[in-house]
Amino acid sequence: MCYNKGYDLNFDGYDKLTGCIAFPEKEWAHWYSYFIGQEPVRFYAYIVRESDGEFIGEVNVHINENDDWYHMGIVLEAKYRGKGYSVIALQLLLQHVFEKMGAEAVHNDFEENRIAAAQAHLSAGFTRYRQENGILEVLITREQYFRLREQ
């Protein structure tokens, strides 16, 4: 997670020097019960390459209690970044969230200097929602998603 390196993030176990967030085994069961089987409030999935079953990352969404959208996350193992997997994974996540979970909108935010992340989201159909204090927010609505599917 070198893209987090050097930022002041407020996560337990975050290492500012490496960008990694510790995830000790003692926390796995709690995490699993929080995310798995919790639709439509939360959803989590591995990103697996279809050709050989190789694990390459993960995606997740959860309802944002303050706004009318799901907030999402995506992480790819470093060696798979820049190869187009994130766009495909985002498209599959959006398909699930809009077509199976009935979401009205999906939102993400990240540092504005993460050009590859911005391009992946925009390529998957997100639009720029807001940009301030070094953070880019992207959003795609249900209407936008289905309009793109018709094209």
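Because the structure is a prediction, the values reported are computed rather than measured.

**Q** I'd like a description of unusual backbone geometry, backed by residues and values.
**A** With an omega of 10 degrees, the peptide bond between Glu39 and Pro40 qualifies as cis. Within the secondary structure layout, Pro40 lies in the loop between α1 (28–35) and β1 (42–48). Even without a glycine there, the phi angle at Asn133 is positive, about 55 degrees. Relative to the helices and strands, Asn133 resides in the loop between β5 (127–132) and β6 (135–141). The class of Asn133 is exposed, set by a relative accessible area of 77%.

**Q** Which residues make up the sheet that holds β1, and what are the values?
**A** Read across the open sheet, the six strands follow the order β1-β2-β3-β4-β6-β5; overall the sheet is mixed. The sheet is open, and its two borders are formed by β1 and β5, each paired with just one other strand. Ignoring strand direction, the axes of neighbouring strands in this sheet form an average angle of 25 degrees. In this sheet, strand β3 (residues 70–76) lies alongside strand β2 (residues 55–63) in antiparallel orientation, the contact comprising seven bridges. Bridging across to β3, His62 finds its partner in His71. Along the sheet face, helix α2 (residues 85–99) touches β1, β2, β3, β4 (105–111) and β6 and points at about 150 degrees away from the line of β3.

**Q** An account of the packing of α2 against helix α3 (residues 115–123) is requested, with residue identities and associated values reported.
**A** Contact geometry for α2 and α3: axes closest at 9 Å, N-to-C directions at 45 degrees. Taken together, the axes of α2 and α3 are oblique relative to one another. Both α2 and α3 take part in a crossing whose hand is right-handed. Where α2 abuts α3, its residues Ser86, Val87, Leu90 and Gln91 lie against Ala120, His121 and Ser123. Looking at side-chain class alone, the contact of α2 with α3 contains three nonpolar, four polar and no charged residues.

**Q** Can you tell me about the packing of aromatic side chains, naming the residues and giving the values?
**A** Considering all chains together, one arrives at 10 aromatic pairs under this definition. Ring centres of Tyr46 and Phe55 lie 5.2 Å apart, and the angle between their planes is 85 degrees; this geometry places the pair in the edge-to-face category. A relative accessible area of 54% means that Tyr46 is categorised as exposed. An aromatic cluster of at least three residues, connected via ring pairs, comprises Trp31, Tyr34, Phe35, Tyr44, Tyr46 and Phe55.

**Q** Go over the layout of surface pockets, please, and point to the residues and values.
**A** To locate leftover empty space, one rolls a probe as large as a water molecule over the atoms. In this model, the second largest pocket occupies a volume close to 290 Å³. Every residue lining the second largest pocket is counted, 15 residues in all, and those nearest its centre are Ile47, Val48, Ile88, Ala89 and Leu92. Listed by contribution, the elements that provide at least two residues to the lining of the second largest pocket are β1, β2 and α2. Residues of the lining of the second largest pocket, tallied by class, amount to 12 nonpolar, one polar and two charged.

What counts, and at which threshold
- Residues numbered from 1 in each chain as written.
- Predicted model: local features only at pLDDT ≥ 70, side-chain atom pairs only at ≥ 80, totals over all residues.
- Heavy atoms only, no water.
- Helix = DSSP H or I, 4+ residues; strand = E, 2+ residues; numbered from the N terminus.
- Buried < 20%, exposed > 50% of the residue type's maximum accessible area, 1.4 Å probe, protein only.
- Pairing = 2+ DSSP bridges.
- Axes fitted to C-alpha atoms, helices over the stretch in contact; angles between N-to-C directions.
- Contact = heavy atoms within 4.5 Å.
- Parallel < 35°, antiparallel > 145°, perpendicular 65-115°, else oblique.
- Left-handed = near helix turned anticlockwise from the far one by under 90°.
- Nonpolar A, V, L, I, M, F, W, Y, C, P; charged D, E, K, R; others polar.
- Phe/Tyr/Trp six-rings, centres within 6.5 Å; stacked < 30°, edge-to-face > 60°.
- 1 Å grid on protein atoms, 1.4 Å probe; cavity = no way out; pocket = protein on both sides within 12 Å on 5 of 7 lines; lining within 4 Å.
- Points joined across faces, edges and corners; volume = space filled by probe spheres on them.

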